[in-house]
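Chain by chain, the residues:
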Amino acid sequence: MVMEQSDLANKISELCLNFYNKLPNGNKYKASEWTILSAICMQRDTDKFDIVSMGTGTKCIGANMLTANGDILNDSHAEVLARRAFIRFLLHQISCVKDNNSDAKSIFQLDEKNKRFKLMENVKFHMFTTSTPCGDASIYATNDNQDEPDTKRIKLNDTLPDGFTGAKLMFDEDVEDPMEQTEGKIRIKPGKGDRTMSLSCSDKIARWNLVGIQGCMLSSLIDPIYVETIVLADGTPYNQNAMERASWRRFVDAEKFLDFPFKLNKPKILIANNKMKFKFARNDKERINPSANSIIYCQLPEKMKPIEVSVSGKRQGVTKKHLLSRKAHLKISKIELFTEYMNILSEFSELKLHLYSNTINFDDLCYKDIKTLPKNEYYLQWKRLREGLLPNWTTKNDNLSNFKSFFCH
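Bear in mind the structure is a predicted one, so any value in this text is a computation, not a measurement.

A. Main features of the pattern of salt bridges. One pass over the full model with this rule turns up 14 salt bridges. A salt bridge links Asp 75 to Lys 189, with the shortest nitrogen-to-oxygen separation between them at 2.5 Å. Of this pair, Asp 75 sits in strand β5 (residues 75–77) while Lys 189 sits in the loop between β10 (187–188) and α3 (201–211); the two residues are 114 residues apart in sequence, bridging distant segments of the chain. Two residues, Asp 136 and Arg 250, come together in a salt bridge whose shortest N-O distance is 3.7 Å. Within this pair, whereas Asp 136 is found in the loop between β8 (123–129) and β9 (168–169), its partner Arg 250 is found in the loop between α5 (240–247) and β12 (268–271), the two being separated by 114 residues in sequence. With relative accessibility at 0%, the residue Asp 136 sits in the buried group. Among the charged side chains, a salt-bridge network with shared partners connects Asp 136, Glu 183, Asp 203, Arg 245 and Arg 250.

Encoded structure:
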């Protein structure tokens, strides 16, 4: 029996909020602090739901803090953390394919013929969030008599009302004011001082709806994964048209650039009506300061440390002595996810031989080599989209991807 959309939204919302409330670190925010919560919920068949990743956060590091080591999270907005934790979950599920232990049964199967891992047909994924994503999804008319807002102006130090975003227009947009509330534009995440290089959550979600939420690295092993729905918590200020526009409608021309199994994903946008609110959501009376910390969860065995707490893109609580060591790395950082990927390839030698020539020294591969692999269709599809549809999309320096993993035989 198919679940009604309202029931599905309420089910996912209730699961996510109750799950968060039970996390050991979930109640450590101060009375004056607010944050955003996002999660990925896995659905098996029609009635089995699990929270497989979750993140809280509102911060982003500036361009001057970017490193070439892959050890600092550039973007700690909740939606991005939930997605990075989801990648960690997928890597673990792939590693479980070789595990004969029934308790570790994977959601993937190895397709020997095509040398790829196939997701079980009864598995779907949903995204949950307690805030409208920053960027284009947050720009909409609040007057019920208007279908679309006029171009609006606002200063970054203003308290943003509903229908506005703090995300800035790109450097090369021909506008005097980067805070102009023009619809449909690609934007840089909000921030004061050192400007970030991270795109808004609206733009990142749109990218996930084009080439999948699994990312480029994993695309050499699996087909793209798309979320079925985006669910907002009850009471979240939002606009249905703006959410759809930001998530996929503004890039509808992408379909002519995409080849199967890639597609323009059109997730259903749902909002819960179960009266359940996120207790650390922003309000104008008490919770007025965005928290600097983030809580990250990934569905993993306890011995693998499924919960992390971060600040400024690194593990919270690390002493100054170890700040530059691996002890400070979050498990969802690029270098740690890359290491897990390399470990998987070492376990599945037939995949390694399929993807890489025998003449290549496996130990010398860097992160950029993996992401630009000619056999990786994600890389080719995204390159085509960039050239034909998204020329303004930000590009980070290649030197930031030249790091190697901690893989060892």
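That covers the picture; the talk isn't over yet.
B. Summary view of the pairing of β8. Within β8, six of the seven residues are buried, leaving the element largely enclosed by the surrounding structure. Summarising the sheet, strand β2 (residues 37–44) and β8 pair through seven bridges and their orientation is antiparallel. Bridge pairing in β8 links Ser 38 to Thr 129. Here β8 runs beside strand β11 (residues 229–232); their pairing, made up of four bridges, is parallel. When the bridges of β11 are listed, Met 127 appears paired with Ile 230.

C. Geometry of helix α6 (residues 334–347). Taking 1.5 Å of rise per residue, the 14 residues of α6 would be expected to cover 20 Å, and the 20 Å separating its terminal C-alpha atoms lies within 8% of that figure. At its buried positions, α6 is contacted by α2 (78–95), α4 (215–218), α7 (349–355) and α8 (367–371).

D. Structural detail: the packing of α2 against α6. Across the interface, α2 lies against α6 with an axial gap of 10 Å and an inter-helix angle of 15 degrees. It follows from the interaxial angle that α2 and α6 lie roughly parallel. Crossing angle aside, the handedness with which α2 passes α6 is left-handed. Two secondary-structure elements touch here, α2 through Arg 84, Ile 87, Arg 88, Leu 91, Ile 94 and Ser 95 and α6 through Lys 334, Leu 337, Glu 340, Tyr 341 and Ile 344. A class-by-class count of the residues in the contact of α2 with α6 yields six nonpolar, one polar and four charged.

What counts, and at which threshold
- Residues numbered from 1 in each chain as written.
- Predicted model: local features only at pLDDT ≥ 70, side-chain atom pairs only at ≥ 80, totals over all residues.
- Heavy atoms only, no water.
- Salt bridge = Lys/Arg side-chain N within 4 Å of Asp/Glu carboxyl O.
- Helix = DSSP H or I, 4+ residues; strand = E, 2+ residues; numbered from the N terminus.
- Buried < 20%, exposed > 50% of the residue type's maximum accessible area, 1.4 Å probe, protein only.
- Pairing = 2+ DSSP bridges.
- Expected span 1.5 Å × (residues − 1).
- Contact = heavy atoms within 4.5 Å.
- Axes fitted to C-alpha atoms, helices over the stretch in contact; angles between N-to-C directions.
- Parallel < 35°, antiparallel > 145°, perpendicular 65-115°, else oblique.
- Left-handed = near helix turned anticlockwise from the far one by under 90°.
- Nonpolar A, V, L, I, M, F, W, Y, C, P; charged D, E, K, R; others polar.

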